[in-house]
Amino acid sequence: MKLTIAVQLKPDERQAKLLLATLERANEAANTISQTAWDNHTFQKFKLQQLVYYPIKHTFGLTAQVVVRLIAKVCDAYKLDKKRQRLFRKHGAIAYDDRILTYKAATVSIWTLAGREVIPFVTGQNQQELLKFRKGESDLVYRDNKWCLFTTVDIIEPALDEPDDFIGVDLGIVQIATTSEGQSFSGKAVNSVRARAVKLRAKLQAKGTRAAKRLLRKRRAKEARFVKNVNHTISKCSVKTAKAQGKGIALENLSGIRERVTTVSKRQRYAMHSWSFYQLCQFILYKTMKEGVATVIVDPYYTSQTCSECGYCHASNRSSQSSFKCGRCGFTLNADHNAARVISYLGRACVSEPYMAAVSLPTAS
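All of the points below concern the structure found in this document. (Residues numbered from 1 in each chain as written. Predicted model: local features only at pLDDT ≥ 70, side-chain atom pairs only at ≥ 80, totals over all residues. Heavy atoms only, no water.)

### Looking at the pattern of salt bridges
Within the structure shown, the criterion is met by 17 salt bridges. Between Glu13 and Lys17 there is a salt bridge whose closest N-O contact spans 3.8 Å. Linking Glu13 with Lys17, this pair stays in helix α1 (residues 13-40), spanning four residues, or about one helical turn. We note a salt bridge from Lys132 to Glu129, for which the minimum N-O separation is 3.0 Å. A relative accessible area of 62% means that Lys132 is categorised as exposed. Here the residues in one salt-bridge network are Arg69, Asp97 and Glu137, joined through shared partners. (Salt bridge = Lys/Arg side-chain N within 4 Å of Asp/Glu carboxyl O. Helix = DSSP H or I, 4+ residues; strand = E, 2+ residues; numbered from the N terminus. Buried < 20%, exposed > 50% of the residue type's maximum accessible area, 1.4 Å probe, protein only.)

Listed below in structure tokens is the structure:
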């Protein structure tokens, strides 16, 4: 299984200036390579290298391997779209391979315009362990005045456990996630942070000054980190519970969720669009793969209206956002918890009847 991990470089002032100059020179060279490729309609790597290798190397003062990596960057860009000339941002990411970048215990030796520089880096304990499985290139990224290396690691996936049951995970607005075990994530703490962020953002947008726009950019990055941290916490806890109980995880298929949900209030609409449910699902999926926990994706339609006890499905079962009461058997439960139980049932059905792909509910009327 391939994962991408990040390490944050800690260059001193001189090294930071060198890295910035290297990034700018490399992207200037990439734009020159792109111009040649466009003028000659040459987008194949070997043929383009024959055209630009020596001129780029001598004109921009780059090493052989850096030029090769830049040619590959340009060719990869044209694979996406050959209908227009590809341009590269001044501070766009550039790739380093093992010939121009070496990882050590807590430092990297990285090529710059002034030669090799040894720069310390920091990362989490888990990422530090994963660096042992590093494979391929690393991307040097300059973002928000910080330097990071994004690198790919290739770890061996453990054999999947054979689950006796599935934990259903229902994703929602008030509670970001609720499991069939009755565990809810989010609550007042997270929602109050989100509400405060909305008010501050609206205030800054109305002000419209340069300082306000600068603060908006900082707030956007801070909110993204907050969402990512909460999603990591939810996914880690869910997978840990499933692993401990010998169960799998059943998730909703979120494809087209924003198009499907059209009857929510304006306030709820913001909550739905502002949270990265896709990111949460991806975190759960890669963590289950890493831990050998089975995962199934089920059809989410009508899960909120279906009784997890008798299978009766009707819109009137969902009397409010938080309340569920079955019109047939009288079963009552928190609506999100009930939906998670239905998703759990669909997960079991997917395993016991795999050719049905768990697209049908117990009963419906």
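### Focus on the sheet that holds strand β2 (residues 94-96)
Taken together, the seven strands give an open sheet; going across it, the order is β2-β6-β7-β1-β5-β4-β3, and neighbouring strands pair in antiparallel fashion. In this open sheet, the two strands that pair with only one neighbour each are β2 and β3 (101-103). On average, each strand axis in the sheet is tilted by 35° relative to the strand beside it, whichever way the strands run. As paired elements, β3 and strand β4 (residues 107-112) share three bridges and run antiparallel to each other. Counted as the bridge partner of Tyr103 is Val108 from β4. (Pairing = 2+ DSSP bridges. Axes fitted to C-alpha atoms, helices over the stretch in contact; angles between N-to-C directions.)

### Considering the layout of surface pockets
Here the largest pocket defines a volume of roughly 1,600 Å³. At the level of elements, β1 (2-9), α4 (125-130), β6 (134-143), β7 (146-154), α6 (210-245) and α9 (277-291) are the ones that each hand at least two residues to the lining of the largest pocket. Ranked by residues supplied to the lining of the largest pocket, first place goes to α6 with 11 residues. Broken down by class, the residue content of the lining of the largest pocket amounts to 12 nonpolar, seven polar and 13 charged. (1 Å grid on protein atoms, 1.4 Å probe; cavity = no way out; pocket = protein on both sides within 12 Å on 5 of 7 lines; lining within 4 Å. Points joined across faces, edges and corners; volume = space filled by probe spheres on them. Nonpolar A, V, L, I, M, F, W, Y, C, P; charged D, E, K, R; others polar.)

### A closer look at the nonpolar core
Counting 46 residues, the largest nonpolar core has Leu9, Leu62, Leu70 and Leu140 as the members making the most contacts within it. Residue contributions to this core peak at nine residues, all from helix α3 (residues 64-80). Beyond its immediate sequence surroundings of up to four residues, Leu140 is in contact with Leu9, Leu19, Leu23, Ala93, Ile94, Tyr96, Ile110, Trp147, Cys148 and Leu149. Within the second largest apolar cluster, 21 residues are counted, among which are Val227, Leu254, Phe277 and Cys281. (Core = buried A, V, L, I, M, F, W, Y, C linked by side-chain atoms within 4.5 Å. Contact = heavy atoms within 4.5 Å.)

Keep in mind these numbers describe shape, not what the thing actually does.
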